[in-house]
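# A look at the structure
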Amino acid sequence: MTIQSLTRRALIRGLGLTACSAAAHPWLTSVTLAGTGGGHPLGDHRLVVIILRGAMDGLDLVQPLGDPGFAALRPTLGLGAGTHTLTDGFALHGAAGELMPLWQAGQLAFVHATSTPYRDQRSHFTGQDLLEAGGGSPAGDGLPRDGWLNRMLGVVPGLTAETAYAIGVEALPLLQGDAPTRSWTPQQDLQLSSQARLLLEHVAHDDVLFRDAMLEAFALTEAGMTDEKAAGSKGARVFADVDALVDFAAQRMLGDTRIVAFSQTGWDTHRGQANAISRPLSRLTRTILRLAEQLGPEVWGKTTVLAMTEFGRTVRENGTGGTDHGTGGVMVAAGGAVKGGQILGTWPGLREADLYDGRDLMPTTDVRAWAALAMQGLYGLVQGVLQGKVFPGLDMGSAGGLIL
């Protein structure tokens, strides 16, 4: 099996890895595009949805430093070192600090303590399936066979799929369904989080051929990074795949494409989170900033980026300096169409009595409601369609204030 042919489920079958690591596998980054026809039925607004695979720790990205329970629950992760003040009581992780100009310009917002209805089992696969299907029971049963973003396209007449490319891995379930779409995947690179590398090394230890091939691939990749950095291409090698993905998407969005969806991985920070989370945060930051740059002020001003994850992580750090699978998390919203400079949602607090199951951040809103609100604000979809067709059974509740 070649690196190019790996998928997260093929990896778990072929190598016997745990679902935890396979679902967050760093080789699996794909972009799916939905195009509009010449009449632009969706108007001029663009929507970008990023699935953050592996369960991003929202409490680390947007740290509730003003909550008296935070420091006690996270004695090493909750120090606030290098953070950037957002509002009273909340600060942004230092690895995402380059996003602060967007916050100050009112083009960046966060929804805290949000999640899908998924509870208790904490499986990456089931959590991601429910997030992308946008329906089903809280246990992940009875999921629709199509994705919520595809269903949204299905209620808008006159859409056609823009010509694109399909290379390598499968399209996102988020956009699978009857509505026309196209898929494209940039050339993949060998990029692993530290814990994923340790796991692969452990699994491959007794398979001499696979172990040697894997170690050679690591060596070649690291040598290439060193050579290019020595040549002065600062950051170019590290973000080459991000830039390729974003540039391709932006080119289409400057034309007929109005909907873009892709995934980013590396968020499963069970150990050494202080270091492990910095890389995916830097990549997400790069994605948002480069997208703004490539689209230019006019199109960026009509764009909304939503970055969401299958569930959050435990409020307590574990014994290896990481966090485990939790419930409530954070959704990131960026773009010129976003009513930014604010933290949305209801903060539940971190007292023992306020936690979900005594261990997780209590969800106070449904992340699907925020996605529905964005589509309502951008494309004028009525609440009945959003709650009935796009997100069957959803109650949008009191979600509001996201789109200008």
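Since we're looking at a predicted model, the values are computed, not measured.

### Here's the deal with the sheet that holds strand β5 (residues 90-92)
Ordered by their spatial adjacency, three strands build an open sheet running β3-β5-β4, and the pairing between neighbours is antiparallel. Both edges of this open sheet fall to β3 (62-63) and β4 (84-87), since each of them pairs with a single strand only. Pairing analysis gives three bridges linking β4 to β5, with the strands arranged antiparallel. Directly across from Thr85, in β5, lies its bridge partner Ala91.

### Quick word on the nonpolar core
Among the nonpolar cores identified, the biggest contains 46 residues, and Trp148, Leu149, Met152, Met375 and Leu402 are the most heavily contacted of them. Put simply, the parts of the chain that give this core at least two residues each are β2 (46-52), β6 (108-115), α7 (148-154), β8 (257-264), β9 (303-309), β10 (329-334), α13 (367-379) and α14 (383-390). With ten residues, α13 is the single largest residue contributor to this core. Counting 45 residues, the second-largest nonpolar core is a separate cluster that includes Phe90, Trp103, Phe248 and Ala250.

### Let's talk about the environment of Ala71
Checked against the element boundaries, Ala71 lands in helix α4 (residues 70-73). On the accessibility criterion, Ala71 (48% relative accessible area) is partly exposed. Sequence separation between Ala71 and Arg316 is 245 residues, and the spatial gap between their C-alpha atoms is 9.7 Å.

### Details of the packing of α13 against α14
For the pair α13 and α14, interaxial distance at closest approach is 10 Å and the crossing angle is 135°. Judged by the angle between their axes, α13 and α14 are oblique. The interaxial crossing formed by α13 with α14 has right-handed handedness. Where α13 approaches α14, its residues Ala372, Met375 and Gln376 are matched on the opposing element by Gln383, Leu386 and Val390. In terms of residue class, the contact of α13 with α14 is built from four nonpolar, two polar and no charged.

### Remarks on unusual backbone geometry
With glycine set apart, most residues show a phi of negative sign, and most peptide bonds adopt trans. Residue Asp120 is not a glycine yet carries a positive backbone phi of 75°. When you line up the elements, Asp120 lands in the loop between β6 and α6 (124-133). Exposure remark for Asp120: the relative accessible area of 45% places this residue in the partly exposed category. Positive phi is not limited to glycine here, since Arg122 has a value of about 60°. The topology assignment puts Arg122 in the loop between β6 and α6. Overall, the relative accessible area of 13% leaves Arg122 in the buried class.

### Focus on helix α10 (residues 240-253)
One full turn of an α-helix is made of 3.6 residues, so residues set three or four places apart face in the same direction. Spanning 14 residues, α10 covers 20 Å between terminal C-alpha atoms, matching the ideal 20 Å at 1.5 Å per step. Of all 14 residues in α10, eleven are buried; the element is thus mostly enclosed.

### Quick notes on the packing of aromatic side chains
The way to describe two aromatic rings as a pair is by their centre distance and the angle between their planes. A full pass over the atoms with the stated rule returns four aromatic pairs. Between Trp148 and Phe391, the ring centres sit 5.1 Å apart and the planes meet at 35°, which makes this aromatic pair tilted. Here Trp148 is found in helix α7, whereas its partner Phe391 is found in the segment after α14, with 243 residues between them in sequence. The ring of Tyr356 has Arg119 lying over it, and the distance from NZ or CZ to the ring centre is 5.9 Å.

### A few points about the confidence of the model for the chain
In the predicted model, the chain carries a mean pLDDT of 82, and 75% of its residues have values of at least 70. Taken together, the stretch residues 1-19 has pLDDT below 50 and engages in 38 contacts with residues farther than four places along the chain or on a different chain. Low pLDDT, under 50, characterises residues 163-170; the predicted model gives this stretch 21 contacts beyond four residues in sequence or across chains.

### A closer look at the pairing of β6
Of all eight residues making up β6, eight are buried, and the element is well covered by its neighbours. For β6 and β10, the ladder comprises six bridges, and the chain directions are antiparallel. Considered in β10, the bridge of Ala109 is made with Ala333. Inspection of the sheet shows β6 paired to strand β11 (residues 342-344) by three bridges, in the parallel sense. For Val111, the partnering residue across the bridge sits in β11 and is Leu344.

### Notes on the side chain of Gln63
Along the polypeptide, Gln63 turns up in strand β3. Take Gln63: its relative accessible area is 3%, and that puts it in the buried class. Look past the residues within four positions of Gln63 in its chain and what remains in contact with it is Phe70, Leu77, Gly80, Thr83, Gly89, Phe90, Ala91 and His93.

### A closer look at the pattern of salt bridges
Summed over all chains, the structure comprises 15 salt bridges. Notably, a salt bridge pairs Asp243 with Arg286, separated by 2.6 Å at the nearest N-O pair. Taken together, the residues Asp243 in helix α10 and Arg286 in helix α12 (residues 278-300) connect sequence positions 43 residues apart. The class of Asp243 is buried, set by a relative accessible area of 10%. The exposure class assigned to Arg286 is partly exposed, which follows from its relative accessible area of 25%. Between Arg368 and Asp366 there is a salt bridge, with the nearest N and O atoms lying 2.7 Å from each other. Judged by its relative accessible area of 17%, Asp366 is buried. A single salt-bridge network, built from bridges that share partners, covers Arg122, Asp357, Arg359 and Asp360.

Cut-off values and rules
Residues numbered from 1 in each chain as written. Predicted model: local features only at pLDDT ≥ 70, side-chain atom pairs only at ≥ 80, totals over all residues. Heavy atoms only, no water. Pairing = 2+ DSSP bridges. Helix = DSSP H or I, 4+ residues; strand = E, 2+ residues; numbered from the N terminus. Core = buried A, V, L, I, M, F, W, Y, C linked by side-chain atoms within 4.5 Å. Buried < 20%, exposed > 50% of the residue type's maximum accessible area, 1.4 Å probe, protein only. Axes fitted to C-alpha atoms, helices over the stretch in contact; angles between N-to-C directions. Parallel < 35°, antiparallel > 145°, perpendicular 65-115°, else oblique. Left-handed = near helix turned anticlockwise from the far one by under 90°. Contact = heavy atoms within 4.5 Å. Nonpolar A, V, L, I, M, F, W, Y, C, P; charged D, E, K, R; others polar. Expected span 1.5 Å × (residues − 1). Phe/Tyr/Trp six-rings, centres within 6.5 Å; stacked < 30°, edge-to-face > 60°. Lys NZ or Arg CZ within 6 Å of the ring centre and 35° of its normal. pLDDT = per-residue confidence, 0-100. Salt bridge = Lys/Arg side-chain N within 4 Å of Asp/Glu carboxyl O.

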